[in-house]
Amino acid sequence: MPNTKLKRVDIIFSEDCVYKDVLADNLKKSNEDILKDILDSGLRGRGGAGFPTGLKWKFTSQETEEEKYVVCNADEGEPGTFKDREILTRVPLKVFGGMAICAKVIGAKHGYVYLRGEYQFLKADLEKALEEFHSFVKELGFDFQIHILMGSGAYICGEESALFESMEGKRGEPRNKPPYPTISGFRNKPTVINNVETLVYAFMICRIGAGKFHELGTTDSRGSKVFSISGDTPIAGIYELELGMSLEDFVEEFGDGDTKAVQVGGASGFCVPRKKFKDTIIGFEGVPTGGSMMLFNSSRSMYNVLKNYVEFFEEESCGQCTPCRVGCQQLKKGIEAIKKGEKSAHYLDTLQKLADTMKVSSKCGLGQSVANSFSSIVDNFREEMIY
Amino acid sequence: MANTVKLNIDGIDVSIEAGKTVLDAAKKLNIHIPTLCYHEDLCVAGNCRVCVVEQEGVKNLVASCAMPAQDGMVIHTNTHKVRNARRHVVELLLSEHNADCTKCYKNTRCELQDLAGEMVINEHMFLDLVPDKNYTIDNLSPAIIKDDSKCIRCQRCVRTCDELQHVSALGVAYKGEHMKISTFFENPMYEVVCTNCGQCVIRCPTGALVEKNYLDNVWDAIYDEDKHVIVQTAPATRIALGEDLGMEAGSIVTGKMAAALRRLGFDSVLDTDFTADLTIMEEGTELLTRLKRALVDKDPTVKLPMTTSCSPGWIKFIEHMYPEYLENVSTCKSPQQMFGALAKTYYAEKRGIDPAKIVSVSIMPCTAKKFEANRPEMRDSGYQDVDMGLTTRELAVMIKQAGIDFKELPDEKFDSLMGKSSGAAVIFGATGGVMEAALRTAYEIVTGREVPFKNLNITPVRGMEGVKEAAVKIENVLPAWSFLEGVELKTVVAHGLTNANKVMQAVKNGTADWHFIEIMACPGGCLGGGGQPIPTTPEIRKKRAEAIYREDAGMAIRKSHENPEIKQIYEEFLEEPLSHKSHWLLHTHYQARKRE
Amino acid sequence: MPEIKELVKDLADKHGRNRESLLPILQGIVTEERFISDVAMTEVARELDMSAALVYGTATFYSFLDTKPRGKFVIRVCKTITCDMKGKKQIVKTLEELLKIKVGETTKDKNFTLLETNCLGWCHKGPAMLINDEVFTELDEDKVTEIIDDYMRNI
Ligand SMILES: Cc1cc2nc3c(=O)[nH]c(=O)nc-3n(C[C@H](O)[C@H](O)[C@H](O)COP(=O)(O)O)c2cc1C
Ligand code: SF4
Ligand code: SF4
Ligand code: SF4
Ligand code: SF4
Ligand code: FES
Ligand code: FES
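From a predicted model like this one, the values you see are computed outputs, not experimental measurements. Residue numbers restart at each chain and count upward from 1, following the sequence in its written direction. Chains and ligands are labelled sequentially in the order written, the chains with letters from A and the ligands with numbers from 1. Given that this is a predicted model, residues contribute local features only at a pLDDT of at least 70 and side-chain atom pairs are listed and counted only at 80 or more, while totals for whole chains, interfaces and linings are drawn from all residues. Side-chain calculation: all heavy atoms of the structure are included, whereas hydrogens and water are not.

1. Some points on the interface of chain B and chain A
Link 1 in the chain: Taken together, the contacts link 40 residues of chain B with 37 residues of chain A.
Link 2 in the chain: For this document, the term salt bridge refers to a Lys or Arg side-chain nitrogen within 4 Å of an Asp or Glu carboxyl oxygen. Of the charged contacts, one joins Lys175 of chain B and Glu316 of chain A as a salt bridge, the two residues approaching to 3.8 Å between their closest N and O atoms.
Link 3 in the chain: For this analysis, a polar contact is any N or O atom pair within 3.5 Å, provided that within protein one partner can donate a hydrogen and the other can accept it, and provided that sequence-adjacent residues contribute only side-chain to side-chain pairs. Between the two partners, chain B and chain A, sit 22 residue pairs in polar contact (both at pLDDT 80 or more).
Link 4 in the chain: The way it works is that DSSP assigns letters per residue, a run of H or I at least four long becomes a helix, a run of E at least two long becomes a strand, and they are numbered from the N terminus. Only α2 (80-95) and β8 (171-173) of chain B provide two or more residues apiece to the side of chain B that touches chain A.
Link 5 in the chain: With eight residues, the single largest contributor to the side of chain B that touches chain A is α2 of chain B.
Link 6 in the chain: Under the scheme applied here, ten amino acids are nonpolar (Ala, Val, Leu, Ile, Met, Phe, Trp, Tyr, Cys and Pro), four are charged (Asp, Glu, Lys and Arg), and all others, including Gly, are polar. Residue composition of the side of chain B that touches chain A, by class: 21 nonpolar, nine polar and 10 charged. Contact between two residues is taken to exist if any of their heavy atoms lie within 4.5 Å; hydrogens are not considered.

2. As for the sheet that holds strand β6 (residues 237-242) of chain A
Residues and elements named next belong to chain A.
Link 1 in the chain: Taking strand neighbours across the sheet as the criterion, the five strands line up as β6-β5-β9-β7-β8 in an open arrangement whose pairing is mixed. Each edge of the sheet is formed by a strand with only one pairing partner; in this case those strands are β6 and β8 (270-273). On average, each strand axis in the sheet is tilted by 30° relative to the strand beside it, whichever way the strands run.
Link 2 in the chain: Judged from the four bridges that link them, strand β5 (residues 224-231) and strand β9 (residues 292-297) form a sheet pairing that is parallel. Each residue of the ladder has a partner; that of Ser230, found in β9, is Met294.
Link 3 in the chain: Along the sheet, helix α8 (residues 196-208) contacts β5 and β6; its crossing angle with β5, the most-contacted strand, is approximately 150°. We call two strands paired when DSSP finds no fewer than two bridges between them. Note on definitions: angles span 0 to 180 degrees between N-to-C directions of axes, and those axes are lines fitted to C-alpha atoms, for helices only across the stretch in contact.

3. What about the interface of chain C and chain B?
Link 1 in the chain: Contacts between chain C and chain B engage 18 residues on the former and 16 residues on the latter.
Link 2 in the chain: A buried area of about 1,400 Å², summed over both sides, lies between chain C and chain B, and 59% of it is on carbon and sulfur atoms.
Link 3 in the chain: In terms of surface lost to chain B, no three residues of chain C exceed Ala53, Tyr56 and Phe61 of chain C, which account for 35% of the buried area on that side.
Link 4 in the chain: The tally of links from chain C across to chain B stands at one salt bridge.
Link 5 in the chain: Residue Asp49 of chain C is joined to Arg595 of chain B by a salt bridge in which the shortest nitrogen-to-oxygen separation is 3.0 Å.
Link 6 in the chain: If you list the elements that add at least two residues to the side of chain C that touches chain B, you get α3 (38-48) and α4 (52-61) of chain C.
Link 7 in the chain: Looking at the side of chain C that touches chain B, the element that brings in the most residues is α4 of chain C, giving seven residues.
Link 8 in the chain: Its residues assigned to classes, the side of chain C that touches chain B shows eight nonpolar, seven polar and three charged. In this description, buried area is defined as the sum, over both parts, of the accessible area (probe of 1.4 Å) that is lost when the two are combined.

4. What to know about the packing of aromatic side chains
Link 1 in the chain: Each Phe, Tyr or Trp ring, with Trp reduced to its six-membered ring, pairs with another whose centre is within 6.5 Å; inter-plane angles below 30 degrees give stacked pairs, above 60 give edge-to-face pairs, and intermediate values give tilted ones. Throughout the structure, instances matching the rule amount to 28 aromatic pairs over all chains.
Link 2 in the chain: Ring geometry for Trp481 of chain B versus Phe483 of chain B: centroids 6.1 Å apart, planes at 50°, classification tilted. This pair shows no difference in class: Trp481 of chain B is buried, exactly as Phe483 of chain B is.
Link 3 in the chain: By way of ring pairs, the aromatic residues Phe96, Phe133, Phe142 and Phe144 of chain A are connected into one cluster.
Link 4 in the chain: The positively charged end of Arg85 of chain A is found above the aromatic ring belonging to Trp122 of chain C, 3.4 Å away from the centroid.
Link 5 in the chain: One cation-aromatic arrangement involves Lys581 of chain B over Phe573 of chain B; the distance from NZ or CZ to the ring centre is 4.0 Å. Categorising residues by exposure relies on relative accessible area from a 1.4 Å probe, with only protein chains included: less than 20% of the type maximum marks a residue as buried, more than 50% marks it as exposed, and the intermediate range marks it as partly exposed. Whether a charge sits over a ring depends on NZ of Lys or CZ of Arg being within 6 Å of the ring centre and within 35 degrees of the ring normal.

5. A look at the pattern of salt bridges
Link 1 in the chain: For the structure on display, the rule yields 82 salt bridges over all chains.
Link 2 in the chain: Residue Arg462 of chain B is joined to Glu436 of chain B by a salt bridge in which the shortest nitrogen-to-oxygen separation is 2.7 Å. With Arg462 of chain B in the loop between α13 (433-447) and β16 (467-473) and Glu436 of chain B in helix α13, this pair connects stretches of sequence that are 26 residues apart.
Link 3 in the chain: The exposure class of Arg462 of chain B is buried, given its relative accessible area of 18%.
Link 4 in the chain: With its nearest N and O atoms 3.6 Å apart, the salt bridge here joins Glu43 of chain C to Arg46 of chain C. Separated by three residues within a single helix, Glu43 of chain C and Arg46 of chain C lie in helix α3, roughly one turn from each other.
Link 5 in the chain: Overall, the relative accessible area of 7% leaves Glu43 of chain C in the buried class.
Link 6 in the chain: A residue is classified by how much of its surface remains accessible, and Arg46 of chain C, at 49% relative accessible area, is partly exposed.
Link 7 in the chain: Three or more residues joined by partner-sharing salt bridges are found here, namely Arg46, Lys83, Asp84, Glu197 and Lys225 of chain A.

6. Quick word on the site of ligand 2
Link 1 in the chain: Taken together, 13 residues lie around ligand 2, and Cys318, Cys321, Cys324, Cys364 and Gly367 of chain A are the ones closest in.
Link 2 in the chain: A per-class count over the shell around ligand 2 returns seven nonpolar, five polar and one charged. Residues are classed as near a molecule or strand on a simple rule: at least one heavy atom within 4 Å of it.

7. A look at the pairing of strand β15 (residues 388-391) of chain B
Residue and element names in this part refer to chain B.
Link 1 in the chain: Taking every second residue as pointing to the same face, both faces of β15 are buried, with Met388 and Leu390 on one and Gly389 and Thr391 on the other.
Link 2 in the chain: When strand β14 (residues 358-364) meets β15, the two strands line up parallel, connected through four bridges. By the bridge assignment for β15, Ile363 is matched with Leu390.
Link 3 in the chain: Assessed by its sense of winding, the connection that carries the chain from β14 through helix α10 (residues 368-373) to β15 is right-handed. Viewed with both strands pointing away, a crossover whose connecting path from the first strand over the helix to the second turns clockwise is right-handed.

8. Notes on the site of ligand 4
Link 1 in the chain: If you check the shell around ligand 4, you find Ile144, Cys161, Ala169, Leu170, Cys194, Thr195, Asn196, Cys197, Gly198 and Cys200 of chain B and nothing else.
Link 2 in the chain: Its residues placed into classes, the shell around ligand 4 shows seven nonpolar, three polar and no charged.

Below is the structure:
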């Protein structure tokens, strides 16, 4: 491969692993040992928020409730993200394995995979894999069952508490927090909810050891991550890369030579313009991402990009809280009005303030993160918004 | 004190019970935090975001209504960040809102308007979204108008209809920009399972859900020389009306109300309490008859337990939800409708007035009464028995419109002939009141003695418990009632339809052995009715209930059967309870309705 | 409509009769009928002993739980940014011409409904679309024409 400054990693999809052995070995370990491994590895959630996975498991394991659950968040709806689909297609047994180890640690007998409706075509294969998995855990004498629940086209259901509501047969409206899922999740029982990729990493850490994972990445962002790379790139696709790279190196490798901006983290992430590539680190200390990297070259109108994002949020907001429901509509109508000249450029400042309010006062992560793309695009491409 | 937490709000330390919210703690310090979606009677939604405050060490603002108070929290309720956010929230709501206050029924009585006023909103900050919306107004119901262009999507109505009423006629539909409050398939309220109870109306902070008002119709009738306009006032109006006219919750304004009605120009000021007493005579007798048929005649067709029928919200609920139990409902019409039927017969006859010229108006704590008055079943006098049902709130509006200084009015009496009542009728306004009134009379009919409760106060059926059971052992009966000797009469009282549903579930599952069930659709009974002054809170309802029992205790006559006008109407007109005539005018049957 | 009654009953037998069964049941109706009619919702409400308004509210939340009549094949073209950049507009135009309908409409013969949707998770291979549950990626005019021809032939 030419020009590979960025370190390729092969953990998630590695074939050098017999899931049965890993599972059998780990189910024999003590919960403390497993938790220690996950904590020591420095693994943080790969679904976006980046909460330390070991802590999440630990908190849930400490709850005294009889009933607990482990949920795999396979609602992958963030624009520009498609790695969970790939993982579920290629290594579903590792996902289930990660859930089983988590279940053992926290004391859950049931696990759920919440699969987005758009991935209905995956269901049959997943069920087949599940059959194999179930017969194996039975062999091991481990009392654990995984169920697959389908979404039906609602991005917000990827938000953990909305996901629980949806699993409970309701509208996917995020709940108030606290309480957090580790105390009150699915059916108001202590629940670990993890992203697909997080679960596989957890599983693989149990195989390769915390150290191997920990030595990758940076202080705040240990390990590697699966990136979904799309947009103006000649080599769009899925790549597992070490965390902590600079965006400059990334663009050098994945850009088409004319990259003007990269949207890191999908529509709810940040837009980084060319002049900031050099100083931008991909990771929790810099710009975090659930994996989505969208590249834009100079032929693209950043106004169109922003409008597309805002329209996405306007539709996909659950609609319950004021800042997000009405704010999204205002942001969209506002940038349109400015573009058409019906509102002066100063109105952009009003909209920026509105975006700030949405960030601090929305009920959930959706409304809170609209400002990420809005402000970063408006700040960096202001003239494109006006003319 | 393990169960309290200590926090600091705006520089002041406060301790509060664990489990309470930051909003509760602020209230304790008399710090006012604006709220919209929050309502004391409902579970926390945390969706309007107007109650946000700043918590030290936390990046985002927190919704005070939804944030549990925690040890060591340092909260600021009045900072630049908080102010900006709250203002934005209100501006955003207004941008989605048809903010045409001068043309709005809730003008001057609207929580959104109050907030906008407090924030001194002039020029709107954001673009007007209303033209992009496809807002509709549903005004087909005789009771409730739903105007989506006034809705701020706080979901108070949805939570009310679900949590308090177990109806869920209203739900949240769609998502994102299209999210709205909707009935099943957006059908008119009139056609769905809605009971017209109006509990959503008294909790809606804006003009999105309001009663259909008949103010102009009533004024027109009053001004019409040719019409004889009579008015009846329900038991629960007299302990709540004052709240809308500058008085404290719990003020008893019976006399002032009568005076005001006379000044408004009603030709005769009468009292639904009279027919409440009549209801007791009819319903009590009906219960005893059913018991006799069941116990003596062993008639398998007789339906027990018998339920009350005065609450039109309850009637519509059972029509939709438990139609198989309609036969268990007392055939008595509600006091409003008994009054209406008698107004255009007995009253017309006695007064020598052509019933065609009588306009019969009722003042009710209730929005469902509007629907009830319009029922096809309610035309036994040959006319629509009650022409217009107004809420307590509408009466307050009329009093203001007429320029009457209500607080300064003298106490006046109701006119006679259908104007006299007993304390038993007054307590109809509180949950348990019908039961207590019925027991006072029925027990005495059967035994010849007063109910064995101190001062006639049957306390087990009083109070705000959702479901209250009481049993009365009947002993030493009069000879005619020997079949009841030793029988323990089992009763249950429920208020709020969620509690009614619990009772009906027990009946359905056969886990209950009650004889008589009192159900009022509204929390607290009629005193918490959907037509009562806004706001409603547990505290306010408690004060209203206290006022009702004070009024009862102060009455010379405490038992329905001792009301002289009741004796008179049986002598002169109805003959006896359950007579042919009373069946014709005072009783009815209801129809099953579909569940959607 | 006795078939709908049967269908709902079968689905309830399979998925249960509590609130958690609601989504699987509604999804099952869509699989069979492509949309959930008011009659179907009434049946669901009855089977689950819950409010019909809440069934309606839940169904309308999810964009795949259509409450308006849809064709036998529901086409959903991704309109999110990368697909948009890679020529989604042309794909929609081609589909509109092939099917002689606009986005949001259903063909007269009730075979096809054309809709747009948000990111399908195939951004590296945009433009992408779903026809019912089947995915098609890296679309261009020729490919779309071929796909639709194929569907039309097999109806
Ligand atoms: C609007 C929104 C959408 C989200 N969508 C997803 C998603 O599709 N997949 C996911 O794993 N996490 C998603 N999340 C994050 C989850 O809420 C949650 O943090 C995550 O599943 C936790 O798993 P992790 O700790 O393994 O990352 C979303 C969050 C928000 C606010
Ligand atoms: S921020 Fe948006 S998605 Fe989240 S609860 Fe509020 S309206 Fe719903
Ligand atoms: S609902 Fe309130 S704010 Fe809206 S128009 Fe009416 S009075 Fe004004
Ligand atoms: S009037 Fe009563 S039943 Fe009807 S929607 Fe309102 S709360 Fe529900
Ligand atoms: S109708 Fe009233 S109570 Fe219901 S959501 Fe709208 S504003 Fe709130
Ligand atoms: S009052 Fe707290 S969010 Fe509405
Ligand atoms: S943007 Fe079209 S599939 Fe993701």
